[in-house]
Amino acid sequence: MAIIENVSLNGIRMSFARFGEGEKVFVILPGLSTVKITPNARAVERQYSAIAKTHTVYLFDRRDDMPTGYTNHAMAEDTAAVMKHLGIEKACLYGVSQGGMIALDMAINHPELVSELIMCVSCAYINESLGKCLGIWRSAAEAGDSLALNTVFAESLFTKRMLDKVGKALISAMPKYSEETLRQFIIAIDSINGYDLRSELKRLSCPVYVIGAENDTVMGPASAEELAGALNCKWFVYPEYGHGVYDEAPDFVKRLRDVLREIE
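Quick summary incoming for the structure in this document. (Residues numbered from 1 in each chain as written. Predicted model: local features only at pLDDT ≥ 70, side-chain atom pairs only at ≥ 80, totals over all residues. Heavy atoms only, no water.)

## Observations regarding the overall build of the protein
To keep things clear, this is the line we draw: Each helix is a run of H or I in the DSSP string that is no shorter than four residues. Each strand is a run of E no shorter than two, and both are numbered from the N terminus. Only the C-alpha atoms count toward the radius of gyration. The rule for a globule is 2.2 Å times the residue count to the power 0.38. Using a 1.4 Å probe on the protein chains alone, a residue whose accessible area is under 20% of its type maximum counts as buried, one over 50% counts as exposed, and one in between counts as partly exposed. A residue counts as positive if it is Lys or Arg and as negative if it is Asp or Glu; His and the chain ends are not included. Positions of charges follow a simple convention, taking NZ of Lys, CZ of Arg, CG of Asp or CD of Glu.
Helices and strands together make up the secondary structure of the protein, namely 11 helices and eight strands. For the protein, whose C-alpha radius of gyration is 17 Å, the value lies close to the compact-globule estimate of 18 Å for 264 residues. Each principal axis of the C-alpha distribution contributes one length, and for the protein these read about 45 × 45 × 40 Å. Counting only residues that meet the buried cut, the protein has 55% of its 264 residues in that class. In the protein, which carries 27 positive and 34 negative side-chain charges, the distance between the mean positions of the two groups comes to 3 Å.

## A short note on the environment of threonine 56
As a reminder of what qualifies: Throughout, a contact is declared for two residues whenever any of their heavy atoms are within 4.5 Å.
Its location among the elements puts threonine 56 in strand E4 (residues 55-63). Sequence-wise, threonine 56 and glutamate 23 are 33 residues apart; in three dimensions their C-alpha atoms are separated by 6.5 Å. The residues touching threonine 56, leaving out its near neighbours within four places in the chain, are Arg18, Phe19, Gly20, Glu21, Gly22, Lys24, Val25 and Phe26.

## A few points about the pattern of salt bridges
Keep this limit in mind: The working definition used for a salt bridge is a side-chain nitrogen of Lys or Arg within 4 Å of a carboxyl oxygen of Asp or Glu.
Going through the model one piece at a time under the given rule, you end up with 14 salt bridges. The salt bridge involving aspartate 64 is made with arginine 13; its shortest N-O contact spans 3.4 Å. Of this pair, aspartate 64 sits in the loop between E4 and helix H3 (72-85) while arginine 13 sits in strand E2 (residues 12-19), and the two are 51 residues apart along the sequence. Within this structure, Arg13, Lys36 and Asp64 form a network of salt bridges that share partners.

## Here we look at the nonpolar core
Which entries qualify depends on this criterion: Think of a nonpolar core as a cluster: buried Ala, Val, Leu, Ile, Met, Phe, Trp, Tyr and Cys residues, connected wherever their side-chain atoms sit within 4.5 Å.
Membership of the largest hydrophobic core comes to 101 residues, with the highest contact counts inside it found for Tyr94 and Phe252. It is helix H4 (residues 98-109) that contributes the most residues to this core, seven residues altogether. Excluding anything up to four places from it in sequence, tyrosine 94 contacts Phe26, Val27, Ile28, Leu29, Tyr48, Ile118, Cys120, Tyr246, Phe252 and Leu256.

## A word on the packing of aromatic side chains
Keep this limit in mind: We call Phe, Tyr and Trp rings a pair once their centres come within 6.5 Å, taking the six-membered ring for Trp, and we label the pair stacked below 30 degrees between planes, edge-to-face above 60, and tilted otherwise. Geometrically, a lysine NZ or arginine CZ counts as sitting over a ring once it is within 6 Å of the ring centre and also within 35 degrees of the ring normal.
Counted by the stated rule, this structure contains 11 aromatic pairs. When the ring of phenylalanine 153 is compared with that of phenylalanine 185, the centres are 5.9 Å apart and the planes differ by 85 degrees; the resulting orientation is edge-to-face. Linking phenylalanine 153 in helix H6 (residues 146-157) with phenylalanine 185 in helix H8 (residues 179-190), this pair joins segments that are 32 residues apart in sequence. Note on phenylalanine 185: relative accessible area 2%, which makes it buried. An aromatic cluster of three or more residues is present, and its members are Phe26, Tyr48, Tyr94, Phe236, Tyr238, Tyr241 and Phe252. Directly above the ring of tyrosine 70 sits arginine 63, whose terminal nitrogen or CZ lies 5.6 Å from the centroid. The aromatic ring of tyrosine 241 is capped on one face by arginine 161, whose charged end is 5.5 Å from the ring centroid.

Right under this line is the structure:
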């Protein structure tokens, strides 16, 4: 069963969950979200149970109380510091969306922590499609409109097929956010400003694999091919799915397990 813990380190408090008993380590860095993921760690454990058979899995949230001006690079440095504190070395980093950006930064600047890197619906810089989405989400958060924010967020992640099937229930299940939660979400969005690691990619020293989605309206449909080309690595694009492919594609974890076998 997933164990949820907190770490306090150098003024930073961060939540993480751990499950699985494998000798190898698999670290999940989730994407931008209005809520923390560790309270839902048991659902994540069920979703990634196949990987937990061969790996010890760590799931990291962002730090608590993100300060104004917090950056994507600072997120990477804080996560790296916590991993070192926990004694995690040479882990496979699996980053989704903004989590992939953080993982890429860590793989470049802390190669001693990273054995392999898997980037899912992510990027090495802010392209036009991502910039547009971030602006839409930020405007909804600034307006303090939880329903509008939840709606545009869900519409950005999932296919029309899924939204038609469970969209109303999905959006209605999302919470109404406090002013502080919205403020933290805006800080998380703004942390991506200035993100561009294209000139640093040559410093990568670990195997990399890229997963994308044909109908990804957040990163753009060509983002995975572009990223894999820049990284000179293997890649796969899911047809018919969007940015939330990691939750929507029924074979996603099986494919992820196959990727692990290939690059480890």
